[in-house]
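The lines below spell out each chain.
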Amino acid sequence: MAVEGSKAAPKGLEGVVATTTAICSVSDNFLQYRGYRIEELVGKAEYEEVAYLLLNGELPNKEELRDFKAELTKHRTLSPFLRGLLQEMSETGTGMDVLRTVVSASAAEDPGEGDNSREAEYAKSIRLTAKLPTILASYIRRRRGEQPVPPDQTLGHAANFVKMAGLDANPRAAEILNACFILQAEHGLNASTFTARVVAGTNADMHAAVTAAFGALKGPLHGGATDGTMKMLDEIGSPDHVDSFVDKAIAQKYKFSGFGHRVYLTEDPRAKFLRRYAIELSKEWKGKPYFEIQERLAKAIAERRAKMSPAAAAKVNVVNVDYYAATTYTFLGIPADLGTSIFAVGRMAGWCAHVMEQHADNRLIRPESEYTGPNGKRWVPLAER
Ligand SMILES: CC(C)(COP(=O)(O)OP(=O)(O)OC[C@H]1O[C@@H](n2cnc3c(N)ncnc32)[C@H](O)[C@@H]1OP(=O)(O)O)[C@@H](O)C(=O)NCCC(=O)NCCS
């Protein structure tokens, strides 16, 4: 509840423009990376080209792309130190906890540790972007009780991940995941990127900033909504249960995962691509009818908007990126609790680009808070409390 006469920014900093950026712009039904709308990139670009674009500001030419890919390929392998940590954590750790911790630990062996120069951070961006799919794929294998499969130097970013994670049963897996990584690569001042920039703003290094970003991405209001969507669809269990689920959910002011967005008011431009992949992949899917459930759910929520508060009705009008990403990943054979981790694999390049941009023209990010607590209290000795 806003305090009367308060000078504080709107709750959740809604509508506040906190910085400038040349990396990405986001507005209703509009998302562009460095001047290229996602509709220009998806289906045409390789993830590596988009990562290069985010980090450098321009698409690479042939030689630049070859060299960039060669650098990425070179840094995919994990050291014995990281492999050991991964193995120990994989027994009980969740995907996002493992990814965050192994990425954080990689600072300990990074040759550029403590160096925030552009050159050092560019090299770190490559190392982090290259290693993250290996970390996730190794975790997936370990959880299945298998040995990790080493990176394949002949394959691109997405295809190599598909092979390492054992998703190659579907011949379209690499192409679809390549598009998904692009769709997740960058998104302006979302919560995890803002977190990364706040940490970078203290002149802390890239590993510190990216580790913090992982923490923010995990939350169910942000990237955690991908895993949250699968949990919700599982709980519903069948298309026949959708209507009663929605009626109860509205009465309890439940937040439907995969619905609502702070910036997109009519459409999330990423969702249409993911819905197409979900439709395509659902045809071969032999498990629970997740796609049927989610289509019925979207319809049931739309039909009941009049029963919600105006604010909630406006929010659920938008199906966001996580809703169909969740089923797309599940249909590709990715465990239902690892959709947020896939999101992170795509987002790494975006986070790194923002850390570099922050450091290139840095000033400590330190807003103020308006005090609303009591004043002038007097010390009471412990025996008298
Ligand atoms: C994305 C999200 C965090 C944006 O939040 P926001 O702009 O801060 O909006 P608020 O949380 O203030 O919501 C405003 C109203 O809409 C409701 N609302 C928001 N998202 C809702 C959802 N997914 N389902 C049902 N109601 C929702 C809130 O309960 C609130 O209702 P009230 O005013 O009656 O109390 C929010 O829509 C949400 O929690 N979505 C579900 C999680 C999700 O998918 N996150 C991924 C985003 S890409």
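Residues numbered from 1 in each chain as written. Predicted model: local features only at pLDDT ≥ 70, side-chain atom pairs only at ≥ 80, totals over all residues. Heavy atoms only, no water.

Q: Would you explain the site of the ligand in this entry?
A: Inspection of the region around the ligand gives 21 residues, with Lys253, Lys255, Phe256, Ser309 and Lys315 positioned closest. Here a nitrogen atom of the ligand sits 2.8 Å away from a polar atom, N or O, in the main chain of Phe256. Computed on the free molecule, the ligand has an accessible area of 850 Å², of which 77% lies beneath the protein chains in the complex. In terms of residue count, helix α15 (residues 310-315) provides more of the shell around the ligand than any other element does, three residues in total. Among the residues forming the shell around the ligand, the class breakdown is nine nonpolar, seven polar and five charged. (Near = heavy atom within 4 Å. Polar contact = N/O pair within 3.5 Å; in protein donor to acceptor, adjacent residues only side chain to side chain. Areas by Shrake-Rupley, 256 points an atom, 1.4 Å probe, with all protein chains shown as cover. Helix = DSSP H or I, 4+ residues; strand = E, 2+ residues; numbered from the N terminus. Nonpolar A, V, L, I, M, F, W, Y, C, P; charged D, E, K, R; others polar.)

Q: I'm lost on the nonpolar core in this one. Help?
A: Note that soluble globular proteins tend to have their nonpolar side chains buried in a common cluster. Tyr33, Phe161, Leu177, Phe214, Phe256 and Leu297 are the most contacted members of the largest nonpolar core, which has 109 residues in total. With eleven residues, the single largest contributor to this core is helix α17 (residues 339-360). Mapping this core onto the domain boundaries places at least three of its residues in each of domain 1 (19-219 + 337-360) and domain 2 (224-331). Those residues within four positions of Leu177 in sequence are excluded, and the remaining contacts are Ala158, Phe161, Val162, Leu167, Tyr329, Leu332, Ile334 and Ile342. (Core = buried A, V, L, I, M, F, W, Y, C linked by side-chain atoms within 4.5 Å. Buried < 20%, exposed > 50% of the residue type's maximum accessible area, 1.4 Å probe, protein only. Domains from an automatic or database assignment. Contact = heavy atoms within 4.5 Å.)

Q: Teacher, can you tell me more about the packing of aromatic side chains here?
A: Two aromatic rings, taken as a pair, are described by how far apart their centres are and by the angle between their planes. A complete count under the given rule lists 14 aromatic pairs for this structure. When the ring of Tyr52 is compared with that of Phe68, the centres are 5.3 Å apart and the planes differ by 90°; the resulting orientation is edge-to-face. Taken together, the residues span a long stretch of sequence, with Tyr52 in helix α2 (residues 47-56) and Phe68 in helix α3 (residues 62-74) at a distance of 16 residues. Residue classification places Tyr52 among the buried positions, given a relative accessible area of 10%. (Phe/Tyr/Trp six-rings, centres within 6.5 Å; stacked < 30°, edge-to-face > 60°.)

Q: Explain the pairing of strand β1 (residues 24-27) here, please?
A: When a strand is regular, its side chains alternate between the sheet's two faces. Pairing analysis gives four bridges linking β1 to strand β2 (residues 30-33), with the strands arranged antiparallel. Its bridge partner being in β2, Ser27 is matched across the sheet by Phe30. Taken together, β1 and the strand that follows it, β2, pair antiparallel across an intervening segment of two residues, in which Asn29 is found at a positive phi of about 55°. (Pairing = 2+ DSSP bridges.)

Q: Where do I start with the pattern of salt bridges in this structure?
A: When the charged atoms of two side chains with opposite charge come close together, those side chains can pair. Evaluation of the coordinates by the stated rule reveals 25 salt bridges. For Asp234, the salt bridge is made with Lys288, and the minimal N-O distance between the two is 2.8 Å. Highlighted residues: Asp234 in helix α11 (residues 224-236) and Lys288 in the loop between α13 (271-282) and α14 (290-303), separated in sequence by 54 residues. The partly exposed category is assigned to Asp234, whose relative accessible area is 29%. Between Glu303 and Arg304 there is a salt bridge; the shortest N-O distance is 3.7 Å. Judged by its relative accessible area of 52%, Glu303 falls in the exposed class. Residues joined in a network through salt bridges with shared partners are Asp243, Asp247, Lys299, Glu303, Arg304 and Lys307. (Salt bridge = Lys/Arg side-chain N within 4 Å of Asp/Glu carboxyl O.)

Q: How should the sheet that holds β1 be read in this particular structure?
A: Where strands meet in a sheet, backbone hydrogen bonds hold them as pairs that are either parallel or antiparallel. The strand order β1-β2-β3 describes an open sheet built from three strands, whose pairing is antiparallel. Of all strands in the sheet, those with a lone pairing partner are β1 and β3 (36-37), marking the two edges. In terms of strand pairing, β2 meets β3 through two bridges, oriented antiparallel. The residue bridging Gln32 from the neighbouring strand is Arg37, located in β3.

Q: Could you clarify how one ought to interpret the domain arrangement of the chain in this entry?
A: Looking at the chain, the domain boundaries give domain 1 (19-219 + 337-360) and domain 2 (224-331). Each of domain 1 and domain 2 has a C-alpha centre, and these two points are 26 Å apart. On the side of domain 2, 24 residues touch domain 1, which itself brings 28 residues to the contact. Between domain 1 and domain 2, roughly 2,000 Å² of surface is buried when both sides are summed, and carbon and sulfur atoms account for 57% of that area. Looking at the side of domain 1 facing domain 2, the largest losses of area belong to Asp28, Asn29 and Leu183, adding up to 24% of the total buried there. A salt bridge links Glu280 to Arg172, with the nearest nitrogen and oxygen atoms 2.7 Å apart. (Buried area = accessible area lost by both parts, 1.4 Å probe.)

Q: I'm lost on the environment of Ala130 in this one. Help?
A: As for its placement among the helices and strands, Ala130 is situated in helix α6 (residues 118-143). Through-space distance from the C-alpha of Ala130 to that of Ala349 is 9.7 Å; in sequence the pair is 219 residues apart. Not counting residues up to four positions away in its chain, the partners in contact with Ala130 are Leu72, His75 and Arg76.

Q: Honestly, unusual backbone geometry in this entry has me stumped. Any pointers?
A: Both trends apply: most residues other than glycine have a negative phi, and most peptide bonds are in trans. Its identity is not glycine, yet Arg34 carries a phi of approximately 50°, on the positive side. As for its placement among the helices and strands, Arg34 is situated in the loop between β2 and β3. With a relative accessible area of 22%, Arg34 lands in the partly exposed category. Phi at Lys253 is positive, roughly 55°, even though this residue is not glycine. In this fold, Lys253 is placed in the loop between α12 (242-251) and α13. When its relative accessible area of 67% is taken as the criterion, Lys253 is described as exposed.

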